[in-house]
Amino acid sequence: MIIILKQDAPEQKVRQFCDELKGMGLEINDSKGSDTHILGLIGDTKAIAESWVLANPVVETCRRVSEPYKKANRKFHPDDTAVDVSGIKLGAGHFAVIAGPCSIESEAQITDVAQRVKAAGASLLRGGAFKPRTSPYSFQGMRGEGLDLLKIARRATGQPIVTEIMNTEHLPLFENVDLIQVGARNMQNFELLKAVGRQKKPVLLKRGLANTLEELVMSAEYIMAEGNENVILCERGIRTFETSMRNTLDLAGVVMLHKMTHLPVVVDPSHACGQAWMVPQLAKAAVAAGADGLMIEVHNDPPKAKCDGAQSLTPDQFDELMAFLKQEIPFFGKELN
């Protein structure tokens, strides 16, 4: 249930009303927007009569919410949320680009790529230390050593770093990571979601390759229910019957997510198509669809990459894409962090 309060409702009476609701065993999501003040009730509200709520002098109106997700629901939080990642904001009018290699391979490689993508305008540096791979014989990442190299690249450029966590046991290693990524394969790893929800670092949650939008938002709800509301959603393509590309980029999903939730939505066109030549056009389309950011794979020598070289842009190609975005999209240069 959501309760919309009157604009001139006295704060003391609002607090008294909230205390009464909490006394019924309900959790309250208090959201003050630019022109609305909403109380989102979380818990069993079946026994609460709407007539009883409306009788309170501080209440303008109320209505029940059928969706199972509450904290992530735009009805509970009408204004867009901006998530701050070590000074870089995404959402609520703030646009940022995350770029870097699929996997960290050496200090020279990650540092060189970090310097190039920053010079082009990327705000955050991505790099995989722990790599979930379909085959057990594929490169699994440099693990803890890779995290150390990613931090060296951060010192060289000042960019906040983004990397994927695989399980709860690795959380202590991520204390100095700025944005923790939960990958597509772990989108419904509920114990991992709860664990990253209990810590306060922002979380980038990728959509699973065969998951609905509601399932994605419900996974975000797992994180938020543990107390961490700094969640960024990522559309990275879904599996369809089409075989000409790695996945199918669901840009309609970006538009729908902005209707469903107040959380920022970024797009990863690299994983969506799996082919570098397609990435620039899909990135442009994602921005046109209203994405709050892009996540793009860049490698200094894609043919020799240990992971996903076919979908990685070279630094020169990334330069060209960023120049286009800054020149052709009016808000990009202003909103780029």
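Thresholds applied
- Within any chain, residue numbers begin from 1 and follow the written order of that chain's sequence.
- Reporting in this predicted model follows two pLDDT cut-offs: at least 70 for local features of residues, and 80 or more for side-chain atom pairs to be given and counted; totals over whole chains, interfaces and linings ignore these cut-offs and use all residues.
- Calculated side-chain values reflect all of the structure's heavy atoms, with hydrogen atoms and water omitted.
- Cavities and pockets are defined on a 1 Å grid built over the protein atoms alone: a cavity is a set of grid points where a 1.4 Å probe fits but cannot escape, while a pocket is an open set with protein on both sides within 12 Å along at least five of seven lines, and lining residues are those with an atom within 4 Å of any such point.
- Grid points are joined across faces, edges and corners, and a volume is the space filled by probe spheres set on the points.
- Ten residues, namely Ala, Val, Leu, Ile, Met, Phe, Trp, Tyr, Cys and Pro, are considered nonpolar, four, namely Asp, Glu, Lys and Arg, are considered charged, and the remaining ones, Gly among them, are considered polar.
- Take the buried Ala, Val, Leu, Ile, Met, Phe, Trp, Tyr and Cys residues and link them wherever side-chain atoms come within 4.5 Å; each set so joined is a nonpolar core.
- Relative accessibility thresholds used throughout: buried, under 20% of the residue-type maximum; exposed, over 50%; partly exposed, between the two (1.4 Å probe, protein chains only).
- Only DSSP runs of H or I covering at least 4 residues are called helices, and only runs of E covering at least 2 are called strands; the numbering of each starts at the N terminus.
- Here, residues are in contact when the closest pair of their heavy atoms is within 4.5 Å.
- What counts as a ring pair is set by centres within 6.5 Å for rings of Phe, Tyr and Trp (its six-membered ring), and what kind of pair is set by the plane angle: stacked under 30 degrees, edge-to-face over 60, tilted for all other angles.
- Ring-over charges, as used throughout, are those where CZ of Arg or NZ of Lys falls within 6 Å of the ring centre and within 35 degrees of the ring normal.
- When DSSP locates at least two bridges between a pair of strands, those strands are taken to pair.
- The angle between two axes is taken between their N-to-C directions and runs from 0 to 180 degrees, where each axis is a line fitted to C-alpha atoms and a helix contributes only its stretch in contact.

Undergrad: Would you mind going over empty space enclosed by the protein with me for this structure?
TA: Gaps left between atoms show up when a probe the size of a water molecule is rolled over them. One pass over the full model with this rule turns up 1 cavity of 30 Å³ or more. Taken as a whole, the largest cavity spans an internal volume of roughly 30 Å³. Forming the walls of the largest cavity are Asp80, Thr81, Gly91, Ala92, His258, His262, Leu263, Pro264 and Asp292. Here the lining of the largest cavity is built from residues that sort into 3 nonpolar, 4 polar and 2 charged.

Undergrad: Can you help me understand the nonpolar core in this one?
TA: What tends to happen in soluble globular proteins is that the nonpolar side chains get buried as a cluster. Ranked by internal contacts, the top residues of the largest apolar core, which has 67 residues, are Val196, Leu205, Leu233, Leu294, Ile296 and Phe318. Among the elements that make up this core, the one with the highest residue count is helix α6 (residues 213-225) (6 residues). When near neighbours in sequence (up to four residues on either side) are disregarded, Leu233 contacts Leu204, Leu205, Leu216, Ala220, Leu257, Thr261, Leu263, Pro264, Val265 and Val266. In this structure, Leu26, Leu39, Leu41 and Val58 belong to the second largest nonpolar core, which totals 17 residues.

Undergrad: Got a minute to help me understand helix α5 (residues 190-198) in this structure?
TA: Among the residues making up α5, those that are buried are Leu192, Leu193, Ala195, Val196 and Gly197. Looking at the packing, one finds that the buried side of α5 touches β9 (161-165), β10 (179-182), β11 (203-206) and α6.

Undergrad: Would you mind going over the packing of aromatic side chains with me for this structure?
TA: The relation between two aromatic rings is expressed through the spacing of the ring centres and the mutual angle of the planes. Throughout the structure, instances matching the rule amount to 3 aromatic pairs. Residues Phe190 and Tyr222 carry aromatic rings whose centres are separated by 4.5 Å and whose planes lie at 25° to one another, so their mutual orientation is stacked. Of this pair, Phe190 sits in helix α5 while Tyr222 is found in helix α6, placing the two residues 32 residues apart along the sequence. Under the relative-accessibility criterion, Tyr222 is labelled partly exposed at 32%. Positioned above the aromatic ring of Phe324, the side-chain terminus of Lys284 is 3.9 Å from the ring centre. Here the basic side chain of Lys306 rests over the ring of Phe139, its NZ or CZ set 5.0 Å away from the ring centre.

Undergrad: Hey, could you run me through the side chain of Thr45 in this one?
TA: When you line up the elements, Thr45 lands in the loop between β3 (37-42) and α2 (50-54). According to the relative accessible area criterion, Thr45 is buried, its value standing at 11%. Apart from residues no more than four positions distant in its own chain, Thr45 is found in contact with Met1, Leu26 and Arg64.

Undergrad: Can you help me understand unusual backbone geometry in this one?
TA: If a residue is not glycine, its phi is most likely negative; likewise, a peptide bond is most likely trans. Notably, Ser86 is not glycine yet its phi reads approximately 50°, a positive angle. Summarising the element assignment, Ser86 is placed in the loop between β5 (83-85) and β6 (88-90). One non-glycine residue, Arg143, lies in the positive phi region at around 55°. Assessed through its relative accessible area of 43%, Arg143 is described here as partly exposed.

Undergrad: Quick question: what am I supposed to make of the pairing of strand β2 (residues 27-32) here?
TA: Across 6 bridges, β2 lies against β3 in antiparallel orientation. Paired with Lys32 across the strands is His37, a residue of β3. Connecting β2 to the antiparallel partner β3 that follows it, the hairpin turn spans 4 residues.

Undergrad: How do you make sense of the side chain of Thr111 when you look at a structure like this?
TA: For Thr111, the location among the structural elements is in helix α3 (residues 107-120). Beyond its immediate chain neighbours, meaning those up to four positions away, Thr111 contacts Ile152, Ala153 and Ala156.

Undergrad: Help me understand the sheet that holds strand β13 (residues 265-267) in this model?
TA: One key point about sheets: their strands pair by backbone hydrogen bonds, in either a parallel or an antiparallel sense. Strand order in this closed barrel of 8 strands is β7-β8-β9-β10-β11-β12-β13-β14, and the pairing throughout is parallel. In this sheet, adjacent strand axes meet at a mean angle of 30° when their direction is disregarded. As defined by bridge partners, β13 adjoins strand β14 (residues 293-297) across 2 bridges and the pair is classed as parallel. Bridge pairing links Val266 to Gly293 in β14. Against the sheet, α6 engages β11 and β12 (231-235), with an angle of about 155° to β11.

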